[in-house]
Amino acid sequence: MSFTANNLPQHPPTDPAVVPGPGPQARSRPEPERLARAVLSRLGEPGDATLGRWLARLDALDVVRAIRSDAPAEQLGVDSARLAAFRARAVDLDPVADLERVRAVGGRFIIPGDTEWPSQLDDLGEGRPTGLWVVGTGSLRLLALRSVAVVGARACTAYGAHVAGDLAAQLAERGWVVVSGGAYGIDAAAHRGALAVGGPTVGVLACGVDVAYPRGNTALIRRIAEQGLLVSELPPGEHPTRFRFVLRNRVIAALTRGTVVVEAALRSGALSTARRARDLNRHTMGVPGPVTSELSAGVHALIRSGAAAVVTDAAEVAELIGAIGEDLAPQRSGPVLPRDLLEPEAARVLEAVPATAEGAPVERLARQSGLPPDEVLQRLYELGSLGHVERHGAHWRLVRRR
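Caption draft 1: Structural context of the sheet that holds strand β10 (residues 360–361). Read across the open sheet, the three strands follow the order β10-β12-β11; overall the sheet is antiparallel. Both edges of this open sheet fall to β10 and β11 (389–392), since each of them pairs with a single strand only. Taken together, the two bridges between β10 and strand β12 (residues 395–398) define a ladder with antiparallel strand orientation. In the strand pairing of β12, P361 is matched with H395. Sheet strands in contact with helix α17 (residues 373–385) are β11 and β12, and its direction is about 115° off that of β11.

Caption draft 2: Inspection of the nonpolar core at higher detail. Counting 34 residues, the largest nonpolar core has L121, L132, L140, V202 and V261 as its most contacted members. If we ignore the near neighbours within four places in the chain, the residues touching V202 are L143, V177, V178, V179, S180, H191, L229 and V231. Membership of the second largest hydrophobic core comes to 23 residues, among which are A172, W176, A190 and V317.

Caption draft 3: Just the pairing of β11, in detail. Where β11 and β12 come together, four bridges link them in antiparallel fashion. Note that in β12 the partner of V389 across the bridge is L398. Linking β11 back to β12 in an antiparallel pair, the connection comprises two residues, with G393 at a positive phi of about 70°.

Caption draft 4: Representation of the pattern of salt bridges in the model. This structure, assessed with the given rule, holds 23 salt bridges. The salt bridge partner of R34 is E31, with a shortest N-O separation of 2.6 Å. A salt bridge links E33 to R37; the shortest N-O distance between them is 3.1 Å. You can see E33 and its partner R37 sitting in helix α1 (residues 32–43), four residues apart, about one turn around the helix. Looking at E33, the relative accessible area reads 23%, which means it is partly exposed. Residue classification places R37 among the buried positions, given a relative accessible area of 5%. A single salt-bridge network, built from bridges that share partners, covers R42, E45, R89, D98, E238 and R244.

Caption draft 5: Here's a closer look at the environment of P338. Counting through the fold element by element, P338 comes out in the loop between α14 (314–321) and α15 (344–352). Residues P338 and L386, 48 residues apart in the sequence, show an inter-C-alpha distance of 9.0 Å.

Caption draft 6: Summary view of the packing of helix α11 (residues 242–255) against helix α12 (residues 270–279). Across the interface, α11 lies against α12 with an axial gap of 8 Å and an inter-helix angle of 45°. By the angle between their directions, the pair α11 and α12 is classed as oblique. Crossing hand, α11 versus α12: right-handed. Taking contact as the criterion, the partners of N249, R250, I252 and A253 in α11 are, on α12, S272, T273, R276 and A277.

The rules behind the values
Residues numbered from 1 in each chain as written. Predicted model: local features only at pLDDT ≥ 70, side-chain atom pairs only at ≥ 80, totals over all residues. Heavy atoms only, no water. Pairing = 2+ DSSP bridges. Helix = DSSP H or I, 4+ residues; strand = E, 2+ residues; numbered from the N terminus. Contact = heavy atoms within 4.5 Å. Axes fitted to C-alpha atoms, helices over the stretch in contact; angles between N-to-C directions. Core = buried A, V, L, I, M, F, W, Y, C linked by side-chain atoms within 4.5 Å. Buried < 20%, exposed > 50% of the residue type's maximum accessible area, 1.4 Å probe, protein only. Salt bridge = Lys/Arg side-chain N within 4 Å of Asp/Glu carboxyl O. Parallel < 35°, antiparallel > 145°, perpendicular 65-115°, else oblique. Left-handed = near helix turned anticlockwise from the far one by under 90°.

If you want it as structure tokens, here you go:
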């Protein structure tokens, strides 16, 4: 049977399964729910559905007690192999030390119910994070209210890096917070674009917030923490894996109003972020690239399937994810030429005037335009007053423009 709060083993609030014993790390004890969720962040991988189902019905403290108890898997309503994995990980956990470790780098651990918790993460359902480790001075909830994800290939082209940087800078100047994954390529270009114009940016990591990964982006990650926020589901000291990168993408998609894919191959991980955004009813957008580029093939497939809208600059992104009627992109059109303003008959006469120095008489222009000679003459004088043609003896010719 599935377990409930009534059949869990009962312990006092200082249950050693949750809080460590006396020692230097026990000098400040956060509330039990926060400590319990810190434990759960180590017990399960991000988005663990089993933990999510338990947390939908029980407090985190009760979930930890159940895992640390001797109750059989059948009583707890969980697969025995999964329960064994949880219990193996539960040995020698020290949540207070984890909280102290994140404080040492200027961070904190936020959980559902905190004023800083972004409620849009609840759309992930059973896959909602148990908590988020955050470094930076801004409020994640406030920054996420007006945010957009810019993602793409790690091994991007110069075109992709240029577009991502410009797009992020334009979005930041419009007051949007750029969210990405802190990786090489498009992610790094997007973060740098926002930082370059003094805009905040959020890096959602697939490792602990105290771990600089990739190493080549150490300086960039430090700047993000200073000017924006670093966010992770993983506790301090945890390192990334291929699976954790994919799981991280769902947080990027849920946290933001929409996701822009700048460059992505057909098997790119960035496409998983776009698909997550689509499934969460967020706006999904793609930047077109050269049809000969493999790194744009994934974006083009996304657009062709109808799963993403084409965008080319920040104005078009803001029109999709911004306020209705307030963030409209300008209508694009070519320049209006003087000939475009002519009435149809005048335009026909002007087209009939040859591009030669001697020009042509009225009779020939009438034959060429299919209009009566009198009307042709009238139109020629109109065109002359507008500076398009001039009379040369009995002929009319085009005005030579410098």
